[in-house]
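# What the coordinates show
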Amino acid sequence: MATVDPSTRKRVLKVIFVSLLLDLISFTFILPLFPKLLEFYRNSEAGPDSQSTLLARIISGLNAYKSAFAKPIDSRYDIVLLGGALGSLFSLLQAIASPVIGHLSDKYGRRAALLASMAGNILSVLLWVMAVDFRTFLASRIVGGLSEGNVQLATAIATDISDENTRGSTMALVGACFSIAFTFGPALGAYLSSISIVAANPFATAAGVSLFLIVAETTYLYFALPETLPNKTAETSASKKTVNLTAITRTNSHFLLNFVHFAFLLFFSGMEFSLPFMTYDLFQYSSAQNGRLLGYVGLVASILQGGLTRRLPPLLTVRIGVSACLLAFAMLGRISTIGSLYLAATCLATTSATVVSGLNTLSSFEASEGERGGKLGILRSWGQLGRGLGPVLFTSVYWWAGREVAYGAGALGILGVTLLAFAGLKSPPGSVKKKATAVEEKKEL
């Protein structure tokens, strides 16, 4: 493992944190806007006289799918289904793009790959600013799904600059960016959507601010981010041979790590997507009430990541997270009060703060410096495949068989993931932090 100067590590960590926070806040702007945004396009393009438009054909297909269920689905969920379909499309495109982006970063360097990814992100958001019709908006999502690489490359950079004792805490810092962004980004996006400056695109204000953040992030990365890939830096070229030799022996197979990531997100993302349906059915929750529930999850997750997750060994964080997820599934199939809903949400926050961050850290321990970007890209690809399939499969069971059966089946699936985490995964050498490094990490982070 090539050593990194502490001052350089601290500087790069700051760049990762600031850039990733800007990226994720920009990314989360659109999440609470999907219902109104898609409703706007539907009203303008999918009326009785507009059956030839792309959106009209998509909605017709979704209605045919919806009519196949024995349990009637309220028409208020038409837009939710469309939003879910677009979300699945984005995740499946990420599953295709992530390994490619990862391997390119191993070949040409993290900095070059990240700046190329940001160029695609700028084009994606620019298309959203210009999206006066659904076709343009769909193109924006496709370009974004194929080019978004900030998260996986930030993870690869974090592993480049961390040694075995600090890697887990550095990965937790990346996870904390998610929690902070998902706590504040959606609310800011909802506020900006209330400011209409372009009649043809009522969401241009939110899109414009999102574009500004992405451009600012790209400029900041261009001037502030050094190359971190060891075989691209002169001071580590002499140690490259040693690094590759020591990385041959692995504690966990990448296939097992990838499969755990896929299976976990397959069930977890399905549960996430079903929550608005369940809270409406049980408690008649409005969008604002669901927003507060998700904000609570994000806030608790950010607190856990900042204070607890970064101090724990990665395998332990994964085991805690999947256990909390299993408990959440068991509770959500039986809850009847708001208090029990928020108790289950606390378990979900614990899961959000631990599992993906821990799996990324474990995967980084099983890869040499010259292949780490590609391995982390493949791990993300498997996860995005699960995230793309989960909502469709889980909600299908929810509508066909009911809440209890859906969450019961989900609990069985997560039980399998839990057994793999406890019986199949092992702690790589060096992943359990030494106590002597605690003071140093506190100073750096």
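Procedures and definitions
- Residues numbered from 1 in each chain as written.
- Predicted model: local features only at pLDDT ≥ 70, side-chain atom pairs only at ≥ 80, totals over all residues.
- Heavy atoms only, no water.
- Helix = DSSP H or I, 4+ residues; strand = E, 2+ residues; numbered from the N terminus.
- Buried < 20%, exposed > 50% of the residue type's maximum accessible area, 1.4 Å probe, protein only.
- Contact = heavy atoms within 4.5 Å.
- Areas by Shrake-Rupley, 256 points an atom, 1.4 Å probe, with all protein chains shown as cover.
- Salt bridge = Lys/Arg side-chain N within 4 Å of Asp/Glu carboxyl O.
- Phe/Tyr/Trp six-rings, centres within 6.5 Å; stacked < 30°, edge-to-face > 60°.
- Polar contact = N/O pair within 3.5 Å; in protein donor to acceptor, adjacent residues only side chain to side chain.
- Expected span 1.5 Å × (residues − 1).
- Axes fitted to C-alpha atoms, helices over the stretch in contact; angles between N-to-C directions.
- Nonpolar A, V, L, I, M, F, W, Y, C, P; charged D, E, K, R; others polar.
- Parallel < 35°, antiparallel > 145°, perpendicular 65-115°, else oblique.
- Disulfide = S-S within 2.5 Å.
- Core = buried A, V, L, I, M, F, W, Y, C linked by side-chain atoms within 4.5 Å.

## Topic: the overall build of the protein chain
- Helices and strands together make up the secondary structure of the protein chain, namely 18 helices and 0 strands.
- Taking all 445 residues of the protein chain together, the buried fraction comes to 54%.
- Sequence-distant contacts, at least 24 apart, represent 85% of the contacts inside the protein chain between residues at least 6 apart.
- Counting every atom, the protein chain has about 18,600 Å² of accessible surface; 67% of that belongs to carbon and sulfur.

## What about the pattern of salt bridges?
- Within this structure, the stated rule accounts for 6 salt bridges.
- Linking R110 and D106 is a salt bridge whose minimum nitrogen-to-oxygen distance equals 2.8 Å. D106 carries the same exposure label as R110, and that label is buried.
- Between R387 and E272 there is a salt bridge, with its nearest N and O atoms 3.3 Å apart. Of this pair, R387 sits in helix α16 (residues 372-401) while E272 is found in helix α11 (residues 254-283), placing the two residues 115 residues apart along the sequence.
- Salt bridges sharing common partners tie together D106, R110, D160 and R372.

## Regarding the environment of A187
- The topology assignment puts A187 in helix α8 (residues 167-193).
- A187 sits in the exposed class, given a relative accessible area of 53%.
- Remark: the alpha-carbon pair of A187 and T28, spanning 159 residues in sequence, is separated by 9.0 Å.

## Some remarks on the packing of aromatic side chains
- Summed over all chains, the structure comprises 20 aromatic pairs.
- Between the aromatic rings of F27 and F90, the centroid separation amounts to 5.7 Å while the plane-to-plane angle is 45 degrees, which identifies the pairing as tilted. Pair noted here: F27 is in helix α1 (residues 6-28) and F90 is in helix α4 (residues 78-108), with a separation of 63 residues, a long-range link.
- The interplanar angle of 45 degrees and the centroid separation of 6.5 Å between the aromatic rings of F134 and F137 together place this pair among those described as tilted.

## What to know about the side chain of S147
- Considering the arrangement of structural elements, one finds S147 in helix α6 (residues 134-147).
- In terms of polar contacts, S147 uses its side chain to reach the backbone carbonyl oxygen of V143, at 2.7 Å.
- Excluding its chain neighbours within four sequence positions, the residues that come into contact with S147 are I101, S117, G120 and N121.

## Comments concerning helix α9 (residues 204-224)
- If you check α9, its first and last C-alpha atoms are 29 Å apart, about what 21 residues at 1.5 Å a residue would give, namely 30 Å.
- Among all positions in α9, only A204, T205, A206, A207, S210, L211, L213, I214, E217, T218, L221 and A224 are buried.
- Where α9 is buried, its residues touch α1, α5 (110-129), α7 (150-160) and α8.

## Digging into the packing of α16 against helix α17 (residues 403-424)
- For the pair α16 and α17, the least separation of the axes is 7 Å and the interaxial angle reads 145 degrees. Facing α16, whose interface residues are F394, V397, Y398 and A401, α17 presents R403, V405, A406, Y407 and G410.
- Among the residues forming the contact of α16 with α17, the class breakdown is 7 nonpolar, 1 polar and 1 charged.

## Digging into the packing of helix α2 (residues 34-45) against helix α3 (residues 54-66)
- Put simply, α2 and α3 touch, their axes get as near as 9 Å, and they point 110 degrees apart. Accordingly, the angle class assigned to the pair α2 and α3 is roughly perpendicular. Note on element contacts: α3 touches α2 through L55, A56 and I59, opposite Y41, R42 and E45.
- Looking at side-chain class alone, the contact of α2 with α3 contains 4 nonpolar, no polar and 2 charged residues.

## Side note on the state of the cysteines
- The full count for this structure, using the stated rule, is 0 disulfides.
- Here C325 is not cross-linked by a disulfide; its sulfur's nearest cysteine counterpart is in C347, at 9.2 Å.
- Take C325: its relative accessible area is 0%, and that puts it in the buried class.

## Description of the nonpolar core
- I16, L37, L38, W128, F134 and F137 are the most contacted members of the largest nonpolar core, which totals 53 residues.
- The dominant element in this core, judged by the number of residues it contributes, is α1, at 8 residues.
- When sequence neighbours within four positions are dropped, the list of residues in contact with I16 reads A154, I157, A158, I161 and V174.

## A short note on the environment of S210
- Mapped onto the secondary structure, S210 falls in helix α9.
- Looking at S210, the relative accessible area reads 1%, which means it is buried.
- Here the alpha-carbon distance between S210 and D23, two residues 187 residues apart in the chain, equals 8.7 Å.
- Discounting chain neighbours no more than four positions away, the residues touching S210 are S26, F29, V125 and W128.
- There is a polar contact of 2.4 Å between the side chain of S210 and the side chain of S26.

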